[in-house]
Amino acid sequence: MSTSPVPDASPDALFGAADIRELADVLGVRPTKQRGQNFVIDANTVRRIVRTAGVRPDDVVVEVGPGLGSLTLALLEAADRVVAVEIDDVLAGALPATVAARMPGRVDRFALVHSDAMRVTELPGPPPTALVANLPYNVAVPVLLHMLETFPSIERTLVMVQAEVADRLAAPPGSKVYGVPSVKANWYAEVKRAGSIGRNVFWPAPNVDSGLVSLVRRAEPLKTTAERREVFAVVDAAFAQRRKTLRAALAGWAGSAAAAETALVAAGVSPQARGESLSVEEFVRIAENKVQEDKVQENKVQEDKVQQQNSGDEESGQL
């Protein structure tokens, strides 16, 4: 991997509003709500995103939903390599040509993956070190969590999402908007709001404001005997009925309200608390105690089976 400074791009390498609309016309592209497409048309905004992301000359950046390439070009100015994941057939087909035309000296530092990001399990080239993306609003959280889980080499992430989603991702326990995205994102990383983006830098202009969210992966994963899916199952159950106490909300997950209370008390969490007040570490402890209780029950069942088998053998011997 190269660590030398990235050569300066030509002054007109990045897209402006007229460039975006001209390219869209040539390609016959019209942004669709179905895929949450809103293209950034301001060069200063994409450079700000790259700067806020702290992209370094030795970074391998993965970008999800590059669209017409506004952010892609800015990332290529700063990073060692950029891998773009695009689901749209027309956009995926056009992006390599855009890079070649606008930044011919960086073509060998760019790779395209034509796929649904939710189905991506591997990427070409060296492992990615950063994720920087203007995520489609309608799938932002699932895509973000999938990428963090699938590529543990991603150390730093900066995503642009709907402002409301940004608030939820970065919300602390006790906040009104704290919920499933907050806890699951915090499982992987330290999360914080990193700024706001105005509507006028997009085409078409969205009906909502946008926000930047920074996620820095935990230096050490949370220490736990429970698996991620087991912890996430507790989180999902707790917020599925967020107005109920955890004793009631986790009854289905635990098997009964009494079993839920047992796991909560063992984890040092009040059965009368609600999910919105718990940190990710507390959800981890609840999952751990449920797992331990399950193992105790499994061992008891096995012991009963052995005893029954032994009793049957003794009876057979007496006949």
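Just so it is clear, the structure is predicted and the values come from calculations on it, not from any experiment. (Residues numbered from 1 in each chain as written. Predicted model: local features only at pLDDT ≥ 70, side-chain atom pairs only at ≥ 80, totals over all residues. Heavy atoms only, no water.)

Got a minute to help me understand unusual backbone geometry in this structure?
Among all residues except glycine, the phi angle is most often negative; among peptide bonds, the trans geometry is most common. In this model, W203 is joined to P204 through a cis peptide bond whose omega is -10°. Tracing the backbone through its elements, the reader meets P204 in the loop between β8 (202–203) and β9 (210–217). (Helix = DSSP H or I, 4+ residues; strand = E, 2+ residues; numbered from the N terminus.)

Any chance you could explain the packing of helix α5 (residues 140–150) against helix α7 (residues 180–188) here in plain terms?
Helix-helix packing is described using two parameters, namely the angle between the two axes and the distance between the axes. Packing of α5 against α7 leaves a shortest axis separation of 10 Å and a crossing angle of 20°. The angle between α5 and α7 places the two elements in the roughly parallel class. Seen from above, α5 lies across α7 with left-handed handedness. Of the residues in α7, those in contact with V141, L145, L148 and E149 of α5 are P181, K184, A185 and Y188. (Axes fitted to C-alpha atoms, helices over the stretch in contact; angles between N-to-C directions. Parallel < 35°, antiparallel > 145°, perpendicular 65-115°, else oblique. Left-handed = near helix turned anticlockwise from the far one by under 90°. Contact = heavy atoms within 4.5 Å.)

Is there a simple way to explain the side chain of K290 in this structure?
Relative to the elements of secondary structure, K290 occurs in helix α12 (residues 280–318). Setting aside anything within four residues of it in sequence, one finds K290 in contact with W253, A254 and A263.

Teacher, can you tell me more about the packing of aromatic side chains here?
Counted by the stated rule, this structure contains 5 aromatic pairs. Centroid distance Y188 to F232: 6.3 Å. Interplanar angle 85°. Geometry classified as edge-to-face. One end of the pair, Y188, is in helix α7; the other, F232, is in helix α8 (residues 228–240), with 44 residues separating them in the sequence. For the ring pair F239 and F283, a centre distance of 6.0 Å and an interplane angle of 40° mean the geometry is tilted. Residue F239 is located in helix α8, and its partner F283 is located in helix α12; the two are separated by 44 residues in the primary sequence. Looking at F239, the relative accessible area reads 10%, which means it is buried. With relative accessibility at 0%, the residue F283 sits in the buried group. Put simply, the rings of Y178, F239 and F283 pair up and form one aromatic cluster. Geometry around W253 places K290 over its ring, the cationic atom sitting 5.4 Å from the centre. (Phe/Tyr/Trp six-rings, centres within 6.5 Å; stacked < 30°, edge-to-face > 60°. Buried < 20%, exposed > 50% of the residue type's maximum accessible area, 1.4 Å probe, protein only. Lys NZ or Arg CZ within 6 Å of the ring centre and 35° of its normal.)

Would you take a moment to explain the environment of G198 for this structure?
Structurally, G198 is set in the loop between β7 (189–197) and β8. Linking G198 and S210, residues 12 residues apart in sequence, is a C-alpha distance of 6.7 Å.

Would you explain the pattern of salt bridges in this entry?
When their charged atoms lie close together, side chains carrying opposite charge are able to pair. One pass over the structure, following the stated rule, counts 17 salt bridges. Put simply, R218 and E190 hold a salt bridge, and the shortest N to O gap is 3.6 Å. Of the two residues, R218 is situated in the loop between β9 and α8 and E190 in strand β7; the sequence distance between them amounts to 28 residues. Taking the relative accessible area as the measure of exposure, R218 reaches 16% and is therefore buried. Residues joined in a network through salt bridges with shared partners are R56, D58 and E155. (Salt bridge = Lys/Arg side-chain N within 4 Å of Asp/Glu carboxyl O.)

Could you clarify how one ought to interpret the packing of helix α2 (residues 43–53) against helix α3 (residues 70–78) in this entry?
Where α2 contacts α3, the two axes come as close as 9 Å, and the packing angle between them is 50°. By the angle class used here, α2 and α3 are oblique. In this structure, α2 meets α3 at a crossing whose hand is right-handed. Touching V46, R47, I49 and V50 of α2 are S70, L71, A74, L75, E77 and A78, all from α3. Its residues placed into classes, the contact of α2 with α3 shows 7 nonpolar, 1 polar and 2 charged. (Nonpolar A, V, L, I, M, F, W, Y, C, P; charged D, E, K, R; others polar.)

It is not clear to me how the sheet that holds strand β2 (residues 60–64) should be interpreted in this structure. Could you clarify?
The strands that make up a sheet pair up through hydrogen bonds in the backbone, lying either parallel or antiparallel. Judged by pairing direction, the sheet is mixed, and its 7 strands sit side by side in the order β4-β3-β2-β5-β6-β9-β7 without closing on themselves. The strands lining the two open edges of the sheet, one partner per strand, are β4 (110–114) and β7. The mean angle between the axes of side-by-side strands here comes to 20°, regardless of whether they run parallel or antiparallel. Of the strand pairs in this sheet, strand β5 (residues 130–134) and strand β6 (residues 156–162) are connected by 5 bridges, and their pairing is parallel. (Pairing = 2+ DSSP bridges.)

Would you mind going over the side chain of T245 with me for this structure?
Along the chain, T245 falls in the loop between α8 and α9 (246–249). With a relative accessible area of 18%, T245 lands in the buried category. Discounting residues that sit within four places of it in the chain, T245 has contacts with P271, Q272, A273 and R274.

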